[in-house]
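Structure assessment
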Amino acid sequence: MTDARIAGLRVRMGEHALDALLVTSLPNIRYLTGFSGSHALAVVTARNAFFISDSRYALQSAREVKRFRRIIGSLGLFEDAAAAKTLRGCRAAGFESDSLTYAQYRSLRTLFPRVPFRPTSGIVESLALVKDRREVACIEEAAAISDSVFHDVLKFLRPGVTELEIAAEISWLNRQRGAESDAFDVIVASGPRGALPHARPTARKIRRGELILLDFGSTIRGYCSDLTRTVALGGVPRRLREAYRAVLEANESAAASARGGMTARALDAVARGCIRRRGFGRYFIHSLGHGLGLRVHERPRVSALSPEVLQAGSVITIEPGIYIPGSGGVRIEDDVLLGDRGCRVLTRSPRELIVL
Ligand code: ZN
Ligand code: ZN
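Residues numbered from 1 in each chain as written. Chains lettered and ligands numbered in written order. Predicted model: local features only at pLDDT ≥ 70, side-chain atom pairs only at ≥ 80, totals over all residues. Heavy atoms only, no water.

1. So, the coordination of the zinc ion (ligand 2)
In the first shell of the zinc ion (ligand 2), the protein supplies D226 (OD), H290 (NE2), E319 (OE) and E333 (OE), at 2.1 to 2.2 Å from the metal. In this structure, the zinc ion (ligand 2) is coordinated by 4 donor atoms arranged in irregular fashion, with angles at the metal of 78 to 153 degrees. Counting gaps between the donor residues of the zinc ion (ligand 2) yields the pattern D-x63-H-x28-E-x13-E. Between the zinc ion (ligand 2) and the zinc ion (ligand 1), a separation of 3.2 Å is found, and both are coordinated by D226. Taken together, the positions of D226 in the loop between β10 (223-224) and β11 (227-233) and E333 in the loop between β16 (328-331) and β17 (334-338) put the pair 107 residues apart, joining distant regions of the chain. A relative accessible area of 0% places E333 in the buried class. (Donors = N, O, S within 2.8 Å, 3.2 Å for Na, K, Ca; no water. Tetrahedral: all angles 85-135°; square planar, octahedral: opposite > 155°, others 65-115°. Helix = DSSP H or I, 4+ residues; strand = E, 2+ residues; numbered from the N terminus. Buried < 20%, exposed > 50% of the residue type's maximum accessible area, 1.4 Å probe, protein only.)

Right under this line is the structure:
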C-alpha cells in the first residue's frame with residue numbers, strides 16, 4: 001500500500017517537473033510513511049525515499065515506517081537530511097509551501113545551496129483525496145464511536161449542566177469507546193450561543209426551551225469522524241423548529257444527491273436551495289462540507305464557490321446549518337462516502353429532532 005502511495009507521488013512529482021519532494025506536513029508524512037509521531041521529515045526522490053526523525057522516535061518509527069530509508073539523526077531534520085545527502089544531484093526539489101515556515105525555507109537554502117527549491121501545494125493531499133478500503137474502514141469505525149457517544153451523552157443533558165461539563169463527558173465517552181482522541185475540540189453551544197457556528201464550550205448552564213448543538217469527532221488510526229446533532233431541551237419556539245426542519249431537509253436532500261462526478265458547488269446548491277426556499281437563506285453562513293481523512297478538514301471543499309469535481313471514493317461531510325443571532329443555531333452533520341451513483345452515509349445517529 002505504501003509502495004503504491006510512493007509510486008503515485010512520483011507520478012505527481014513528474015507532472016510538476018520535480019525530482020524530489022520534501023514532505024513536512026505531519027498528516028502527509030503519516031499518509032506516506034505510516035509514522036504517527038510529531039517530529040519527522042520525508043524526502044522522496046525519483047529513486048529513494050528517506051524518513052528522518054530523531055532518537056525520541058527511533059523505536060516507534062522502526063515499528064511504523066516501512067519502505068523508507070530511516071535516518072535517526074541528532075542535528076535537526078534538515079541538517080540530518082543534508083548530512084545524508086538526500087538531495088544529491090537534484091535539479092528541482094519541491095517543498096510544501098502550506099506547512100514550511102520562512103525560517104525553515106532559509107535554513108534549506110543555506111544547507112542545500114545548489115538545489116533549486118520550488119514551492120508546491122496540495123500534491124500529497126491530491127493523492128489522499130480518494131480513500132482505500134482500509135482508510136474507509138477507519139473512518140467508519142470512528143463514525144460508529146461518535147454515534148455511540150451521541151446516544152449516551154443524551155442521558156447527561158439536563159437543565160443546569162454546563163456546556164463545559166457536556167464537552168468533558170463527550171471526550172470521556174469518546175475515549176471510553178475506543179477512540180484515540182477527539183478529532184478536534186468538542187463544540188457545545190446552547191441557546192443563543194448556538195448562533196456561533198464554532199462556539200467554544202463555556203460555563204453556561206443549559207436551560208429548558210433551548211436548542212443544544214453538539215459537534216465532535218473521534219479518531220481511529222489517525223482517521224477522523226465529524227458529527228453534529230442539535231437537540232431540544234423541552235419545547236422550543238416555533239421559529240427554531242422551522243429552522244430545524246429546513247436544515248434536516250437540506251441535509252437529506254444533499255445526501256440523496258451526493259455522488260462522484262458532480263461539482264462541489266452543485267452539491268452545496270442542493271442544500272442551500274432547500275434552506276433558501278424555507279426563508280432561512282441568509283442564516284446559512286458557511287459552506288456545506290469538507291473532506292475528511294487524516295485531517296478533519298481536507299480537500300475537497302464543498303462550497304458554493306468550488307468548481308472541483310467530487311470523486312467517488314472521497315469521504316466528505318454534509319453539514320448545513322442555520323444560525324439566528326440572539327436566538328440559536330441548528331446544524332446536522334453527517335459523514336458520507338461518495339460512490340459513482342450515490343453515497344453511503346457513515347454516521348447513523350437519528351436526524352429527527354430529539355426533544356429531551
Ligand atoms: Zn463537525
Ligand atoms: Zn465538519
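Here the narrative resumes.
2. Description of the environment of V161
Its place among the elements puts V161 in the loop between α7 (133-153) and α8 (163-176). Taking C-alpha positions, V161 is 43 Å from S61, a pair spaced 100 residues apart along the chain. Look past the residues within four positions of V161 in its chain and what remains in contact with it is F156, I166, R204, K205 and I206. (Contact = heavy atoms within 4.5 Å.)

3. Observations regarding the environment of L267
With respect to the secondary-structure elements, L267 resides in helix α10 (residues 264-277). With relative accessibility at 0%, the residue L267 sits in the buried group. Spatially, the C-alpha atom of L267 lies 7.1 Å from that of S257, the residues being 10 residues apart in sequence. Setting aside anything within four residues of it in sequence, one finds L267 in contact with A254, S257, A258, M262, L288, V302, L310 and I316.

4. Some words on α7
Helix length check: α7 (21 residues) gives 30 Å between terminal C-alpha atoms against 30 Å at 1.5 Å per residue, within 8%. Measuring from the backbone nitrogen of R134 back to the side-chain oxygen at the start of α7 gives 3.1 Å, which picks out D132 as the cap. (Expected span 1.5 Å × (residues − 1). Polar contact = N/O pair within 3.5 Å; in protein donor to acceptor, adjacent residues only side chain to side chain.)

5. With respect to the nonpolar core
Buried together is how nonpolar side chains tend to be arranged in soluble globular proteins. Counting residues in hydrophobic clusters, the biggest one holds 61 residues, and the most contacted among them are L9, F68, I166, I170 and L214. The residues that make up this core include at least three from each of domain 1 (2-128) and domain 2 (133-345). Counting residues in hydrophobic clusters, the runner-up holds 33 residues, among them L240, A246, A250 and L338. (Core = buried A, V, L, I, M, F, W, Y, C linked by side-chain atoms within 4.5 Å. Domains from an automatic or database assignment.)

6. Structural notes on the domain arrangement of the chain
Along its sequence, the chain is carved into domain 1 (2-128) and domain 2 (133-345). For domain 1 versus domain 2, the separation of C-alpha centres amounts to 34 Å. Contacts between the two partners involve 10 residues from domain 1 and, on the opposite side, 9 residues from domain 2. For the domain 1 and domain 2 pair, buried surface summed over both sides reaches about 670 Å², with 46% attributable to carbon and sulfur atoms. Our enumeration of links across domain 1 and domain 2 arrives at 2 salt bridges. (Buried area = accessible area lost by both parts, 1.4 Å probe. Salt bridge = Lys/Arg side-chain N within 4 Å of Asp/Glu carboxyl O.)

7. Description of the coordination of the zinc ion (ligand 1)
Coordination of the zinc ion (ligand 1) by the protein comes from D215 (OD), D215 (OD), D226 (OD) and E333 (OE), over a distance range of 2.0 to 2.5 Å. Its 4 donor atoms give the zinc ion (ligand 1) angles of 55 to 148 degrees at the centre, a pattern that matches the irregular case. Summarised as a motif, the one-chain spacing of the donors to the zinc ion (ligand 1) is D-x10-D-x106-E.

8. Looking at the packing of aromatic side chains
For any two aromatic rings, the description comes down to two numbers: the centre-to-centre distance and the angle of the planes. Summed over all chains, the structure comprises 6 aromatic pairs. Pairing F95 with Y105 gives two aromatic rings, centres 5.3 Å apart and planes at 45 degrees, and the pair type is tilted. Here F95, found in strand β5 (residues 93-96), pairs with Y105, found in helix α5 (residues 102-111); they are 10 residues apart in sequence, far enough to count as distant. Y105 sits in the partly exposed class, given a relative accessible area of 21%. Both rings, one in F280 and one in Y283, keep their centres 6.5 Å apart while their planes meet at 50 degrees; by these two values the pair is tilted. According to the relative accessible area criterion, F280 is buried, its value standing at 2%. One Lys or Arg, R158, reaches over the ring of F156 and ends 5.8 Å from the middle of that ring. (Phe/Tyr/Trp six-rings, centres within 6.5 Å; stacked < 30°, edge-to-face > 60°. Lys NZ or Arg CZ within 6 Å of the ring centre and 35° of its normal.)

9. Comments concerning unusual backbone geometry
The amide bond that connects R299 to the next residue, P300, takes the cis arrangement and shows omega of 0 degrees. Relative to the helices and strands, P300 resides in strand β13 (residues 298-302). Phi is positive for R67, which is not a glycine, with a value near 65 degrees. Relative to the helices and strands, R67 is located in the loop between α3 (58-64) and β4 (69-73). One non-glycine residue, K85, lies in positive phi territory at about 55 degrees. In this fold, K85 is placed in the loop between α4 (77-83) and β5.

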